[in-house]
Amino acid sequence: MTSWETQQQETIMMARLSSLCLVFLSLQVRCSSTVETLSHYGVSGGNTTFSCVFLSSGRIKFFCRETCEGENLLIRTSDDAAQIGRYRTEYVREASRTFSVLSVSISELTRSDAGRYRCGLGDSSSPASFLDFRLVVVDDLLDGNEHHHIHRDAGSSLTVACSFGSSGLVKSLCRGECGDKDLLVETDGVGANKGRYSIKYDGETSGAVLLVTVTQLTQSDSGRYRCVMDRTSDLYRDFSLTVTDDVPVVVGVTLAAMMVLIPAALLVSCRRRSLRESRGSSSGSNSERTTSTLKGFYQNLSPATRDQNQIYCSLENPNKILISVSEPQE
């Protein structure tokens, strides 16, 4: 075997190894893409839309929660647009025909809507392709476009997502201008907790998000806050918080209940009094009839037997005995 043939074989071997490496890397990228789930943020009470991008097309469109089985299958349709309740899908094929977009939407978000979702395209002749994402429902989403003023009730909690275009080293939550005395909690890692305050960094989005949470709110928590992605730069978001006490609501409910209960109590009291008076008059009539009967019986006695020192007894009926006792005269 000549040196040239040997060199050719080595070249072929290197090409095969390179191909194997490329295949391995592609498989690794696919596996990592299926494991890492993108995060998507929506505001409680509002609407949200997530765009699922596919390199292939499909006639059947899926929108599911966690798994596409049973009640978790929210929408399954062959139409380009469909809506069931608060859920909606809209399919768009790009003009270049290189990829397809399936947009899924949820309206009137609540905290219970948070969780893992799945959108997919499929066909009867080929297996479906799916893309997963994680929905996070917050009280407000701060993207820096405007100053946000948030209202909450005393005793509740607050969760705000501060969105940034890039990440930073030291993340923090402050009250006011982030001076030394204004610092509430900070971390150079993924998350941190300090008392009622907590922050969590989320890099599984198109940018970077700092999730801020304050629990057990009181009226003294009202004021201006700042979430900071990096204290050495201008990566921060400001928002104002107003906490109102729900005591006036309780007082209003109590007064309304009293307005209903007091008249009802007066009505019951008047009814009972009327019944007592009715029973009293009935008892008086019976007593008068008994006295009249006794007097008539006593007067009908003969003079010989009308002795005031004797006891007279008569039976008006088998179930009643009338007795009259006369006091001796002095």
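Above this text you will find the structure in question.
The sections below set out a description of the structure shown in this document. (Residues numbered from 1 in each chain as written. Predicted model: local features only at pLDDT ≥ 70, side-chain atom pairs only at ≥ 80, totals over all residues. Heavy atoms only, no water.)

Here we take up the sheet that holds strand β17 (residues 208-214). The five strands are arranged β10-β12-β17-β16-β15 in an open sheet whose pairing can be described as mixed. Looking at the sheet topology across the chains shown, the edges are occupied by β10 (140-142) and β15 (191-194). On average, each strand axis in the sheet is inclined to that of its neighbour by 15°, with strand direction left out of account. In terms of strand pairing, strand β16 (residues 197-202) meets β17 through six bridges, oriented antiparallel. Each residue of the ladder has a partner; that of D202, found in β17, is V209. (Pairing = 2+ DSSP bridges. Helix = DSSP H or I, 4+ residues; strand = E, 2+ residues; numbered from the N terminus. Axes fitted to C-alpha atoms, helices over the stretch in contact; angles between N-to-C directions.)

As a further point, take the side chain of T48. When you line up the elements, T48 lands in strand β2 (residues 48-54). Residue contacts for T48: discarding those within four places in its chain leaves H40, Y41, G42, V104, S105, I106, L109 and L135. (Contact = heavy atoms within 4.5 Å.)

Here we take up the sheet that holds strand β13 (residues 171-175). An order of β11-β19-β18-β13-β14 is seen for the five strands of this open sheet, with the pairing classed as mixed. The open sheet has two free edges, formed respectively by β11 (148-153) and β14 (183-187), since each of these has just one partner strand. Recorded for the sheet is a direction-independent mean angle of 20° between the axes of neighbouring strands.

On to empty space enclosed by the protein, then. For the structure on display, the rule yields one cavity of 30 Å³ or more. Its volume calculated, the largest cavity comes out at about 40 Å³. The wall of the largest cavity is formed by H40, T48, F50, F63, V104, I106, F133 and L135. Contributions of two or more residues to the lining of the largest cavity are made by β2, β7 (100-106) and β9 (126-138). Split into classes, the residues belonging to the lining of the largest cavity amount to six nonpolar, two polar and no charged. (1 Å grid on protein atoms, 1.4 Å probe; cavity = no way out; pocket = protein on both sides within 12 Å on 5 of 7 lines; lining within 4 Å. Points joined across faces, edges and corners; volume = space filled by probe spheres on them. Nonpolar A, V, L, I, M, F, W, Y, C, P; charged D, E, K, R; others polar.)

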